[in-house]
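Observations on the three-dimensional arrangement
So you can see what is in the structure, the chains are spelled out below.
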Amino acid sequence: MKKLETYFIRHPQKKISLDSKTRDRMWKERRVFIHFEWDKSGNRRADSRSKNPDDYEGSAKKAVSALSRLALEGGYVCGHFDEHEEWMMGKVRPKSSIQLREGKWPKESEKPKKHDGICVIKTLRLHKVRLVSPEDYAVLQPAQPRQGTIMRWPGIGDTVEAIVERKKLRKSLGALCPNHQEVMCAEFLRLSDATQIGLPRLACVLRDIGRTMKDLDIVGVAQDGKQIFAQVTYGSFDSNDVQAKRNILEKFSGHNAHRILFCKCEGLFFEKGIIIFPIEKVFDRFRKTKVGKNWFKYIFPKNY
């Protein structure tokens, strides 16, 4: 059986023209939805009722395509509603049917001229729903996609599936999303264990870890006063993607810097002044430390 993919869906109040009563009904019925008013026909008198992605353009086409794929193939879903603190997580069964539901524009003054005033949304019902508190699963926050209405979410791994199916997520390096891997490496560099195995010790970071940076995952200052520039990846050293990351690190040259590439490799070695270090070793060492044990306790909570 094909493994189900995970999707993230946003329901922003300001960007979706839909009345609060209808939004509340979708929440109570455990439904996720999208609202894109116009298709390629040019009709502005009424919302489009087409479920065919080819009838749309741009972001609307991408969203309808993703919803159609989710309905056909099934998948695990994390839905975020602005008006609710909890996240709605559940499962869409394969070969589900996209249903059209009607609502109203929030304000008559915001309604396009000559529009009939009816909002037509495309919805899918979730099963095995769990309402997840951000306090209990705060580790999901940094991993969520930054843009888009509905998109596949491979970076979260099996976490949403584990929550929905109430399964214990196996503590493994592969179960960590990329952002967690980056944070893990940064936190390990703060420990004395880092210097014991040939790495510089991190004194402080200069920028947010990971996702806000284009070329680097960790930028900081080591205890010896030099800067630390690091890339973190779960890929193998000889892969094209990892070699591209190594090439990026080459740009940050100079005697006043430590350059580190954490990746899948046999052991520590140097290449063109860059420390190549096995990310598996970081995982194994970090989880045995006091700090690491506490960190993993919240990354892999017991109440899945």
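What this report covers is the structure whose coordinates are included nearby. (Residues numbered from 1 in each chain as written. Predicted model: local features only at pLDDT ≥ 70, side-chain atom pairs only at ≥ 80, totals over all residues. Heavy atoms only, no water.)

Running from N to C, helix 4 (residues 178–189) and helix 8 (residues 290–299) cross one another at 165 degrees; their axes reach a closest spacing of 12 Å. Here helix 4 is positioned roughly antiparallel relative to helix 8, judged by the angle of their axes. Remark: the crossing between helix 4 and helix 8 carries right-handed chirality. Across the interface between the two elements, His180, Val183 and Met184 of helix 4 pack against Trp295, Phe296 and Ile299 of helix 8. Grouping the constituent residues of the contact of helix 4 with helix 8 by class yields five nonpolar, one polar and no charged. (Axes fitted to C-alpha atoms, helices over the stretch in contact; angles between N-to-C directions. Helix = DSSP H or I, 4+ residues; strand = E, 2+ residues; numbered from the N terminus. Parallel < 35°, antiparallel > 145°, perpendicular 65-115°, else oblique. Left-handed = near helix turned anticlockwise from the far one by under 90°. Contact = heavy atoms within 4.5 Å. Nonpolar A, V, L, I, M, F, W, Y, C, P; charged D, E, K, R; others polar.)

Moving on: the sheet that holds strand 9 (residues 202–205). Read across the open sheet, the six strands follow the order 9-10-11-12-14-13; overall the sheet is mixed. Sheet topology places strand 9 and strand 13 (269–271) at the edges, where each strand pairs with a single neighbour. Direction aside, the axes of adjacent strands within the sheet are offset by 35 degrees on average. Sheet topology note: the strand 13/strand 14 (residues 274–278) ladder contains three bridges and is antiparallel. In the sheet register, Phe269 faces strand 14, and the bridge partner there is Ile276. Those strands touched by helix 7 (residues 279–286) are strand 11 (227–236), strand 12 (257–264) and strand 14, and its axis lies near 60 degrees from that of strand 14. (Pairing = 2+ DSSP bridges.)

Moving on, we get to the packing of aromatic side chains. The final tally for this structure, using the stated rule, is twelve aromatic pairs. Ring geometry for Phe8 against Trp87: centres 6.1 Å apart, planes inclined by 75 degrees, an arrangement best described as edge-to-face. In this pair, Phe8 is assigned in strand 1 (residues 5–11) and Trp87 in strand 4 (residues 87–92), connecting sequence segments 79 residues apart. Classification of Trp87 by relative accessible area gives buried; the value is 4%. Ring plane angle 85 degrees and centroid distance 6.5 Å describe the contact between Phe188 and Phe286, whose orientation is recorded as edge-to-face. With Phe188 in helix 4 and Phe286 in helix 7, this residue pair connects regions lying 98 residues apart in the sequence. Phe286 carries the same exposure label as Phe188, and that label is buried. Within the aromatic cluster, the residues linked to one another by ring pairs are Phe188, Phe283, Phe286, Trp295 and Phe296. Looking at Lys264, its charged tip hangs above the ring of Tyr234, at a distance of 4.6 Å from the centre. (Phe/Tyr/Trp six-rings, centres within 6.5 Å; stacked < 30°, edge-to-face > 60°. Buried < 20%, exposed > 50% of the residue type's maximum accessible area, 1.4 Å probe, protein only. Lys NZ or Arg CZ within 6 Å of the ring centre and 35° of its normal.)

Now for unusual backbone geometry. Non-glycine residue Lys95 carries a positive phi angle of around 60 degrees. With respect to the helices and strands, Lys95 occurs in the loop between strand 4 and strand 5 (99–104). Positive phi is not limited to glycine here, since Lys114 has a value of about 70 degrees. Residue position: Lys114 is located in the loop between strand 5 and strand 6 (118–125).

This part takes up helix 8. All buried positions along helix 8 are accounted for by Gly292, Trp295, Phe296 and Ile299. The buried residues of helix 8 occupy an angular sector of 95 degrees when projected down its axis, which confines them to one face. Residues of helix 8 that are exposed and point over 90 degrees away from its buried face: Lys290, Lys293 and Tyr298. (Arc of directions from axis to C-beta.)

In terms of burial, strand 1 is largely enclosed, as six of its seven residues are buried. For strand 1 and strand 3 (residues 75–81), the ladder comprises seven bridges, and the chain directions are parallel. Bridge assignment links Arg10 to a residue of strand 3, and that residue is His80. Looking at chain direction, strand 1 and strand 8 (residues 150–152) are connected through three bridges and run antiparallel. Its bridge partner lying in strand 8, Ile9 is registered against Ile150.

Now for the side chain of Thr22. Take Thr22: it is sitting in helix 1 (residues 20–28). Within polar-contact distance, the side chain of Thr22 engages the side chain of Asp19 at 2.8 Å. Residues within four places of Thr22 in sequence aside, it is in contact with Glu102, Gly103, Lys104 and Ile121. (Polar contact = N/O pair within 3.5 Å; in protein donor to acceptor, adjacent residues only side chain to side chain.)

As a further point, take the environment of Ile275. Locating Ile275 in the fold gives a position in strand 14. Judged by its relative accessible area of 7%, Ile275 falls in the buried class. Distance in space between the C-alpha atoms of Ile275 and Leu216 is 15 Å, their sequence separation being 59 residues. Apart from residues no more than four positions distant in its own chain, Ile275 is found in contact with Gly198, Leu199, Pro200, Arg259, Ile260, Leu261, Leu268, Phe269 and Phe270.

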